[in-house]
Amino acid sequence: MRHFWIDTDTASDDAVAILMALRWPDIQVDGISVVAGNVHVEVGAKNARYTVDLCGKRTPVYIGSDHPLVREPFWGYFFHGQDGMGNMNYPEPDMPAAMGNAVEAFIDVVRKRPGEITLITLGPLTNIAIALKIAPDIVNKIPMCYSMAGAAATLGNVTPAAEFNVFVDPEAAKIVFDSGLPILMVGWEHCRGEANLVEEEIALVRSFRTPYGDFAIDCNAHAIPTNQQWLGEPGLSLPDPVTMAIAIDPGICIKRGKHFVDVETVSDVTRGMTVVDQLGVTKKEPNIEVCWQINVKQWKELLYQTLK
Amino acid sequence: MAEKIIIDTDPGIDDSIAILTALQSPELQILGLTSIFGNAEIEKTTQNALRLIELAGKSSIPVAHGSATPLVIPLLEIAMQVHGGDGLGNTNPAPSKGKPVEKSAAEFIVDCIQVNPHEVTLLPIGPLTNIALALKLEPGIVGLVKQIIIMGGAISTAGNISPVAEANFYHDPHAAGIVLGAGWPVVIVSLDVTHKTVMTQSYLDEIYGSKNPLTDFLKRILPYYQQFHDQFYGMGGAIHTHDPSAVCYLLDPGLYQTENVPVHIETSGLCMGQSIADRHHQWQNHPDVKVCMDVNAAGVLSLIKNRLTQ
């Protein structure tokens, strides 16, 4: 059994990613920590709890940071809808939020299972940065972290330079990237173009006639048109599920390279830009594995498998 | 009832004076020392905190190990010319037998405040990383703490580590910004008053002349600090009174003239760590903090001498 911890700002695509991990046979999700990002932390926690309920699990959902480390919050309601879930207004889930501090709960689990907890981050990195600062020993106890973060040598989404998660809390991202944690950075570019679910593929998911397939499409009801109007991207873009697919099957990332990756924290223009030193010109020790290419067919097949 | 305090500290020569002054003050109950990098690396400041409580015969006071590095910026070079390679003027005292508690400094601070709601005064006299992390870990402590008395900043005076920045804020400007912006009761004991409070050689000699054995320790570690002050400021054996001033504010706030004003911290560039008072509220909404602008220096010096020579 593989052990996962998911850190998430649960809105629509996070929910699909959580569902994928919860429904994968050889994975146990030991906990979910929620962070302010797409939506307020309590809203995100409700969405995560709803997703856990839907999957028939009792995975503890902890409420984490309600605010980025240094910056003012920047929300993603415009993209995910007023509830973060495509305005589906899902009912209050049965399972309450777990008691206790999210950051301390995460540290505890990692220390109890050193070398066993794979970390998947789907939101701003505030919780993880705090954890690494108060418990630096966990760096050597986490074998791998898969992060939906940044945009490697390409366009951003919330600004021309920056992807949402890193833009929202660039200081936290810098802390995590500089920490020595083994990270595979899955940038926003891997859920564009061919990686999107187009109309026929959305219809295919509907044809499964499962609550999971319907949920995956329904909760993205606001994201699909917004993605088209806002960024001109056709179909359903699923950044967090792509990252989760790679965490479940790392072979889906078919081209990767380790580079020095820095995060812009000073400039307003390029705030949160993930600067990848592909040529090694900074002479700094590579700290991050960058995912350069995914196998689109395999990503979609893995997604379908979890929704059937 | 004694005032419950946590000293967050990077000892540190002037930290040592401050800690010993606090330990010698019956109206204070020290719940713990939390260590932070700054005047020396974290392993050394933790060790020095342990040494100080052992020296004072108060080994039951817990020491919690704090952050090794600033929140966001990389660790800056340690100013060994000020406090020595060991943080204690290169006197290299014997290691302490004590050990830090298991919890991190930030968790220790959160726990103490939650267990003693509205009673705990935080007294940070180093970079503010631990305090910022405690706030981030448990934002609820904002409404539960009694007050935070910080040695740091330079409001209407020049800096020390740079022309504009005081060292504690400079070492972790992001943390300072978080702590000053949190909207809890903050007092800043800044260079505006610590530079006006000068301990001369003859003042120190009077302290050393007392029978209290703690002053022998100060007598060993202080010459290095005096030498730095002489080389940098030409003070001829005198020193500024930085960290002990925060303890004095706590013991007798009447010794200080204060002003309530929002203070912003520059986090990058040439002016990193600068503390800027926005007296006319021209920048965005930011909570007021109490800044010490003037001091009865003779009163402060007499208070410190009184405590150390008891």
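**Let's talk about the overall build of chain B**
- Counting its secondary structure elements, chain B contains twelve helices and eleven strands.
- A compact globule built from 310 residues should have a C-alpha radius of gyration of about 19 Å, and chain B, at 18 Å, falls within 12% of that.
- If you line up chain B on its principal axes, its C-alpha atoms span 50 × 40 × 40 Å.
- Scored against the burial criterion, the 310 residues of chain B give a buried share of 56%.
- In chain B, the proportion of contacts linking residues at least 24 apart, taken out of those at least 6 apart, comes to 82%.

**Some remarks on the overall build of chain A**
- Assigned secondary structure in chain A consists of twelve helices and nine strands.
- By the compact-globule yardstick of 19 Å for 308 residues, chain A fits well, its C-alpha radius of gyration being 18 Å.
- When the backbone C-alpha atoms are referred to their principal axes, chain A occupies close to 55 × 40 × 35 Å.
- Counting across all 308 residues of chain A, residues that qualify as buried make up 58%.

**Re the interface of chain A and chain B**
- Counting from both sides, the interface comprises 16 residues of chain A and, opposite them, 16 residues of chain B.
- Secondary-structure elements contributing two or more residues to the side of chain A that touches chain B are helix H5 (126–134) and helix H7 (170–177) of chain A.
- Partitioning the side of chain A that touches chain B into residue classes produces nine nonpolar, three polar and four charged.

**Some remarks on the packing of helix H8 (residues 199–207) of chain A against helix H9 (residues 211–218) of chain A**
All names here are of chain A.
- For the pair H8 and H9, interaxial distance at closest approach is 7 Å and the crossing angle is 145°. Contacts between H8 and H9 involve Ile-202, Val-205 and Arg-206 from the former and Gly-213, Asp-214, Ala-216 and Ile-217 from the latter.
- Partitioned by chemical class, the residues of the contact of H8 with H9 number four nonpolar, one polar and two charged.

**Remarks on the sheet that holds strand E10 (residues 275–277) of chain B**
Residue and element names in this part refer to chain B.
- Strand order in the open sheet formed by nine strands is E3-E2-E1-E4-E5-E6-E11-E9-E10, with mixed pairing between adjacent strands. With partners counted over all chains shown, the strands left at the sheet margins are strand E3 (63–64) and E10, one partner each.
- Strand direction decides the pairing type here: strand E5 (residues 147–151) and strand E6 (residues 186–189), joined by four bridges, are parallel. Note on E6: the bridge partner recorded for Ile-148 is Val-186.
- Its contacts with the sheet place helix H2 (residues 42–55) against strand E1 (3–9), strand E2 (28–35) and E3, and it is angled at close to 155° to E2.

**A word on the pairing of E5 of chain B**
All names here are of chain B.
- Across the five residues of E5, four count as buried, placing the element largely inside the fold.
- Bridge analysis of strand E4 (residues 120–124) against E5 gives two bridges, and the strand direction is parallel. Its bridge partner being in E5, Leu-122 is matched across the sheet by Ile-148.
- Viewed along the sheet, the connection from E4 through helix H5 (residues 129–137) into E5 turns out right-handed.

**Thoughts on the sheet that holds strand E7 (residues 253–263) of chain A**
Residues and elements named next belong to chain A.
- Spatial strand order, E3-E2-E1-E4-E5-E6-E9-E7-E8: nine strands in an open sheet with mixed pairing. Of all strands in the sheet, those bounded by a partner on one side alone are strand E3 (61–63) and strand E8 (274–277). Taking each pair of neighbouring strands and ignoring which way they run, the sheet shows an average axis angle of 30°.
- For strand E6 (residues 183–186) and strand E9 (residues 288–294), the ladder comprises two bridges, and the chain directions are parallel.

**So, the nonpolar core**
- Ranked by internal contacts, the top residues of the largest apolar core, which has 206 residues, are Ala-21 and Ile-246 of chain A together with Ile-109, Val-179 and Ala-246 of chain B.
- Among the elements that take part in this core, helix H1 (residues 12–23) of chain A stands out by supplying eight residues, more than any other.
- With residues near it in sequence (within four places) discarded, Ala-21 of chain A still touches Phe-4, Ile-6, Ile-27, Val-29, Met-244 and Ile-248 of chain A.

**Topic: the environment of Leu-251 of chain B**
Residue and element names in this part refer to chain B.
- Considering the arrangement of structural elements, one finds Leu-251 in helix H11 (residues 243–251).
- Of the residues examined, Leu-251 has 20 C-beta atoms within 10 Å and is grouped as buried.
- Considering only alpha carbons, one finds Leu-251 and Ser-25, 226 residues apart in sequence, at a separation of 8.4 Å.
- Setting aside its immediate chain neighbours within four residues, Leu-251 contacts Ser-25, Glu-27 and Leu-303.

**So, H11 of chain B**
- H11 of chain B sits mainly inside the fold: nine of its nine residues count as buried.
- Those residues of H11 of chain B lying buried are Asp-243, Pro-244, Ser-245, Ala-246, Val-247, Cys-248, Tyr-249, Leu-250 and Leu-251 of chain B.

**Notes on the confidence of the model for chain B**
- In the predicted model, chain B carries a mean pLDDT of 97, and 100% of its residues have values of at least 70.
- The ipTM assigned to the predicted complex is 0.91, against a pTM of 0.95.

**With respect to H7 of chain A**
- The element H7 of chain A is largely enclosed, with a buried count of eight among its eight residues.
- When we look at burial in H7 of chain A, the residues that qualify are Pro-170, Glu-171, Ala-172, Ala-173, Lys-174, Ile-175, Val-176 and Phe-177 of chain A.
- Packed against the buried residues of H7 of chain A are H5, helix H6 (164–168), E6, E7 and E9 of chain A together with helix H7 (173–181) of chain B.

**Describing the packing of H5 of chain A against H7 of chain A**
All names here are of chain A.
- At a minimum axis distance of 8 Å, the contact between H5 and H7 shows a crossing angle of 50°. By the angle class used here, H5 and H7 are oblique. The two elements H5 and H7 meet at a crossing, and its hand is left-handed. Seen from H5, the contacting residues are Thr-126, Ile-128, Ala-129, Leu-132 and Lys-133; seen from H7, they are Ala-172, Ile-175 and Val-176.

**Details of the pairing of E6 of chain A**
Residues and elements named next belong to chain A.
- Side-chain alternation along E6 places Ile-183 and Met-185 on one buried face and Leu-184 and Val-186 on a second face that is also buried.
- Of the strand pairs in this sheet, strand E5 (residues 145–148) and E6 are connected by four bridges, and their pairing is parallel. Opposite Met-148, over in E6, you have Val-186 as the bridge partner.

**Brief notes about unusual backbone geometry**
- Backbone torsion omega between Pro-11 of chain B and Gly-12 of chain B reads -10°, so that peptide bond is classified as cis.
- Topologically, Gly-12 of chain B is positioned in the loop between E1 and helix H1 (13–23).
- Located in the positive-phi region is Ala-153 of chain A, a residue other than glycine, with phi close to 55°.
- Relative to the helices and strands, Ala-153 of chain A is located in the loop between E5 and H6.
- Although it is not a glycine, Asn-90 of chain B adopts a positive phi angle of roughly 55°.
- Relative to the helices and strands, Asn-90 of chain B is located in the loop between helix H3 (80–83) and helix H4 (105–115).

**As for the environment of Leu-181 of chain A**
- Counting through the fold element by element, Leu-181 of chain A comes out in the loop between H7 and E6.
- Filtering out sequence-adjacent residues up to four positions away, Leu-181 of chain A remains in contact with Val-139, Ile-142, Cys-145 and Val-176 of chain A.

**What about the environment of Gly-187 of chain A?**
Residue and element names in this part refer to chain A.
- Within the secondary structure, Gly-187 is located in the loop between E6 and H8.
- Taking C-alpha positions, Gly-187 is 29 Å from Asp-108, a pair spaced 79 residues apart along the chain.
- Setting aside anything within four residues of it in sequence, one finds Gly-187 in contact with Gly-150, Ala-151, Ala-152, Thr-154, Glu-163 and Cys-291.

Definitions and limits used
- Residues numbered from 1 in each chain as written.
- Chains lettered and ligands numbered in written order.
- Predicted model: local features only at pLDDT ≥ 70, side-chain atom pairs only at ≥ 80, totals over all residues.
- Helix = DSSP H or I, 4+ residues; strand = E, 2+ residues; numbered from the N terminus.
- Rg over C-alpha atoms; globule rule 2.2 N^0.38 Å.
- Buried ≥ 20, exposed ≤ 12 C-beta atoms within 10 Å, placed from the backbone.
- Contact = placed C-beta atoms within 7 Å.
- Nonpolar A, V, L, I, M, F, W, Y, C, P; charged D, E, K, R; others polar.
- Axes fitted to C-alpha atoms, helices over the stretch in contact; angles between N-to-C directions.
- Pairing = 2+ DSSP bridges.
- Right-handed = clockwise from strand over helix to strand, strands pointing away.
- Core = buried A, V, L, I, M, F, W, Y, C linked by C-beta atoms within 7 Å.
- pLDDT = per-residue confidence, 0-100.
- Parallel < 35°, antiparallel > 145°, perpendicular 65-115°, else oblique.
- Left-handed = near helix turned anticlockwise from the far one by under 90°.

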